[in-house]
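Summary of structural features
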Amino acid sequence: MNQSDQWTPSKYVRLGKRWAGSRDISELGAGSRLIADRTAELYAEYLPRHARGRLVDLGCGKAPLYGLYGPLASDVTCADWPQSVHASPYLDRAVDLNGPLPFADAAFDTIVLSDVLEHLSAPQALWNEMARVLAPGGHAFVNTPFLYGIHEAPHDYARYTEFGLRRFARQSGLDVVTLVAVGGSLEVMADLLGKHLAQVPAVGATLAAGLQGAVAMFGRTPWGERLAARTAAHFPLGYFMVATRPAR
């Protein structure tokens, strides 16, 4: 990223000691805070464990995770669609993510693919390309929604189960390091209701934020954690995954 000194937070921000979804509704809808907060927590937990060296952010948009991965990487390349529906002010390479990536074999030690997989018309092709450009021993970070509304229409093509994600990795020759279900039944219902409440004139965003905040607080209690653990296998809000290219 050539403009790293000009980077500003967008979808994800630091709130005190933790990373979370932005509270600015121009950057993140009030009905999407639950999944964004949990996703930010997972990246904050796993990026320091595995991210290093040369990093590429595929489908980067505003590079919302740069604040987390930037300090861990020696070099950052931001790549996105030539006609992305989102602004890409930090774009280094315009890339069609459904075709061959314009990078050399083993060009990167770390790959980030955040909220992009569901927008690919040829997902296995990109997995194969990620495996090609990832250096042996490198890691790919992927998050994607599951029980979640249609977004960025008409370029919203699919939802993938845990088993589909593992199959993508296996067929591309990557090993799964971790795969985490994001939320469970209560989070799914709160996300759905929050997105509907957010459409109410004047008070909608406040109602949606209040609902999701209450569910997030409950989710941090022992009862909330148990409920999410019991229901996430069948009713996840989304998934977070780390895969690696074997060093052998």
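Refer to the structure presented above.
Reading guide: rules and limits
Residues numbered from 1 in each chain as written. Predicted model: local features only at pLDDT ≥ 70, side-chain atom pairs only at ≥ 80, totals over all residues. Heavy atoms only, no water. Helix = DSSP H or I, 4+ residues; strand = E, 2+ residues; numbered from the N terminus. Expected span 1.5 Å × (residues − 1). Buried < 20%, exposed > 50% of the residue type's maximum accessible area, 1.4 Å probe, protein only. Arc of directions from axis to C-beta. Contact = heavy atoms within 4.5 Å. Phe/Tyr/Trp six-rings, centres within 6.5 Å; stacked < 30°, edge-to-face > 60°. Lys NZ or Arg CZ within 6 Å of the ring centre and 35° of its normal.

Some thoughts on helix H6 (residues 204-219)
- When the terminal C-alpha atoms of H6 are compared, their 22 Å separation across 16 residues agrees well with the 22 Å that a helix rising 1.5 Å per residue should span.
- Among all positions of H6, only Gly204, Ala208, Ala209, Gln212, Val215 and Ala216 are buried. Seen from one end, H6 has its buried residues packed into an arc of 135°, which puts them on one side. The exposed set on the far side of H6, more than 90 degrees from its buried face, consists of Thr206 and Met217.
- Contacts made by the buried residues of H6 are with helix H1 (33-50) and helix H5 (185-197).

Topic: the environment of Leu47
- Along the chain, Leu47 turns up in helix H1.
- The exposure class of Leu47 is buried, given its relative accessible area of 0%.
- Expressed as a C-alpha distance, the spacing of Leu47 and Tyr69, which sit 22 residues apart in the sequence, is 6.6 Å.
- In this view, Leu47 contacts Leu68, Tyr69, Leu72 and Phe141; residues no more than four positions away in its chain are not counted.

Examining the packing of aromatic side chains
- A complete count under the given rule lists nine aromatic pairs for this structure.
- Taking 5.6 Å as the distance between ring centres and 50° as the angle between the ring planes, the aromatic pair formed by Trp7 and Tyr66 counts as tilted. Of this pair, Trp7 sits in the segment before strand E1 (12-15) while Tyr66 sits in helix H2 (residues 66-69), and the two are 59 residues apart along the sequence. Taken individually, Trp7 and Tyr66 each receive the classification buried, so the pair is uniform in this respect.
- Between Tyr43 and Phe240 the ring centres are 4.9 Å apart and the planes differ by 85°, which places this aromatic pair in the edge-to-face class. With Tyr43 in helix H1 and Phe240 in strand E9 (residues 238-244), this residue pair connects regions lying 197 residues apart in the sequence. Each member of the pair Tyr43 and Phe240 is classed as buried.
- Through successive ring pairs, a cluster of aromatic residues spans Tyr43, Tyr46, Phe141 and Phe240.
- Lying over the aromatic face of Tyr46, Arg49 brings its terminal NZ or CZ to 4.5 Å of the ring centre.

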